[in-house]
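# What the coordinates show
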Amino acid sequence: MKIIDVRSDTVTKPTPEMFAAMAKAEVGDDVFGEDPTVNRLQELAADCMGKEAGLFVASGTMGNLIATLAACQRGDEVIMGDLGHTFLFEAGGISALGGVFPHTLQNQPDGTLRLTDIRAAIRSNDVHFPRSRMLILENTQNRCGGVVLSRDYTDQAAALGHEHGLHVHMDGARIFNASAAAKIPARDLVCSVDSVTFCLSKGLCAPVGSVLCGSKAFIDQARRVRKMLGGGMRQAGVLAAAGILAIEKMSLRLEEDHARAKRLAEGLATIPGVRFDIGMPQTNMVFPTLDESVRMGSREFVQRLADKGIRIGVTGDRKFRLVMHYWIDNADVDFILSSVRELLRA
Ligand SMILES: *Cc1c(COP(=O)(O)O)cnc(C)c1O
């Protein structure tokens, strides 16, 4: 049975071209700064993000953690969205490992944090308060539906943060999806932030890794933190070789995934019993809800689809996530649609 795995774009396997590049990658000891392929990846990433330097890290979680530990002291406070990846899905690492205090603000349906909320959250200088030190934004915002933050919004939020001395970090795990959807180069979407992390291993198909980009001084500090966390990876050029292709080639085809997400969502919307509570997709993620009128529960729905080889994500009661990526084609989308239609008719 063919498996159609749309739980996430993290399930993407490397392309044959990536495997070939990995096999012949030139490598060296990256902890000594001597892996030419890692160095090339870092320079390419920094250039794409319009920053001075880049640092190859094991994961997006590690990139956000390193950025936070490089920017903050123990007891400092970081402002972030309550639907942000760092708050929801990073195992509390900034607190556990950095003694950093999260201050969450409500994510608006468009993925933003209200500027008035950010302003109100920034602490004055008073011995009773933690020090406000950092602001984390997320683009695309995953839990709000893979929505795109505009350049204008990011510039305004960053200006506000900078006015109060905050380090502004962009969790840009899917910044190339945002760039494709907004039709703006990624560097323009992040030109006003101090640091940005993006994932090579999601829609871009590389097997492992993210890159953290920022000023030279910031990345020097981040490199120390990466070593401290055990993230100095030696002959990592084997992985970086795939990362280079991820940026050079895979970042250029994301529109295709967005078109498929739209095709899937529009098809699902015509099926009685399927609702779209958090809106139609702007990028590669589709978030349908099963109406209460449908007798089947979440668990049965997921199992019945799995029986047909379709693996989908669950984000809440009757809420699901289907993510389009390189290994999903139009026929797969149509098979998902016909399968859901058949299941809900029964
Ligand atoms: C996937 C993701 C990350 C990082 O995830 P890893 O699995 O650690 O690579 C960070 N932020 C967002 C918004 C993500 O979607």
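So, how was this worked out
- Residues numbered from 1 in each chain as written.
- Predicted model: local features only at pLDDT ≥ 70, side-chain atom pairs only at ≥ 80, totals over all residues.
- Heavy atoms only, no water.
- Buried < 20%, exposed > 50% of the residue type's maximum accessible area, 1.4 Å probe, protein only.
- Helix = DSSP H or I, 4+ residues; strand = E, 2+ residues; numbered from the N terminus.
- Pairing = 2+ DSSP bridges.
- Domains from an automatic or database assignment.
- Contact = heavy atoms within 4.5 Å.
- Buried area = accessible area lost by both parts, 1.4 Å probe.
- Core = buried A, V, L, I, M, F, W, Y, C linked by side-chain atoms within 4.5 Å.
- Near = heavy atom within 4 Å.
- Polar contact = N/O pair within 3.5 Å; in protein donor to acceptor, adjacent residues only side chain to side chain.
- Areas by Shrake-Rupley, 256 points an atom, 1.4 Å probe, with all protein chains shown as cover.
- Expected span 1.5 Å × (residues − 1).

For strand β3 (residues 77-81), the buried fraction is high: five of the five residues fall into the buried class. A two-sided burial pattern is seen for β3, the buried positions comprising Glu77, Ile79 and Gly81 on one face and Val78 and Met80 on the other. Where β3 lies against strand β4 (residues 101-105), five bridges are found, and the strand directions are parallel. From the neighbouring strand, Gly81 faces β4, where its bridge partner is Leu105. Pairing of β3 with strand β5 (residues 132-138) involves three bridges; the strand directions are parallel. What sits directly across from Val78, in β5, is Met134.

Turning next to the domain arrangement of the protein. Domain boundaries in the protein define domain 1 (14-250) and domain 2 (253-345). In this structure, domain 1 and domain 2 have C-alpha centres spaced 29 Å apart. At the junction of the two partners, domain 1 supplies 22 residues and domain 2 supplies 14 residues. Between domain 1 and domain 2 the total buried area reaches about 1,500 Å² when both faces are included, carbon and sulfur atoms providing 56% of it. Of all residues in domain 1, the largest losses of buried area upon contact with domain 2 belong to Arg143, Asn177 and Met250, amounting jointly to 30% of the total for that side.

By size, the foremost hydrophobic cluster in this structure holds 54 residues, and its most contacted members are Met49, Phe176 and Phe198. Broken down by element, this core gets its largest block of residues, seven residues, from helix α11 (residues 237-248). Apart from the residues within four sequence positions on either side, Phe176 is in contact with Cys48, Met49, Ala186, Phe198, Leu204, Ile247, Ser251 and Leu254. Listed in part, the 28 residues of the second largest apolar core include Val274, Ile310, Val333 and Ile336.

Turning next to the site of the ligand. In the vicinity of the ligand lie 13 residues, with Gly60, Thr61, Asp171, Arg174 and Lys202 positioned nearest. Interatomic distance of 2.9 Å between a side-chain N/O atom of Arg174 and an oxygen atom of the ligand. Lys202 places a polar side-chain atom, nitrogen or oxygen, 2.8 Å from an oxygen atom of the ligand. If the ligand stood free it would expose 380 Å²; the protein chains cover 85% of that surface.

Between the first and last C-alpha of helix α3 (residues 60-71) there are 17 Å, a value that for 12 residues agrees with the 16 Å anticipated at 1.5 Å per step. Among the 12 residues of α3, 11 are classified as buried, and the element is accordingly described as predominantly covered. Listed in full, the buried residues belonging to α3 are Gly60, Met62, Gly63, Asn64, Leu65, Ile66, Ala67, Thr68, Leu69, Ala70 and Ala71.

This part takes up helix α2 (residues 36-49). A rise of 1.5 Å per residue sets the reference length of α2, with its 14 residues, at 20 Å; its end C-alpha atoms lie 20 Å apart and thus fit the reference within 8%. If you check the start of α2, you find a side-chain oxygen 2.9 Å away from the backbone N of Thr37, and it comes from Asp35. Count one or two residues on from α2 and you reach Gly50, which has phi positive near 65°.

Cis geometry marks the peptide bond from Asn139 to Thr140; its omega dihedral reads 0°. With respect to the helices and strands, the residue Thr140 is situated in the loop between β5 and α7 (151-163). At Ala91, a residue that is not glycine, the phi angle is positive and equals roughly 60°. You can see Ala91 is positioned in the loop between α4 (85-89) and α5 (93-98). Ala91 gets classed as exposed once you look at its relative accessible area, which sits at 79%. Although it is not a glycine, Lys183 adopts a positive phi angle of roughly 55°. Following the sequence through the fold, Lys183 ends up in the loop between α8 (175-182) and α9 (186-189). Residue Lys183 is classed as exposed on the basis of its relative accessible area of 67%.

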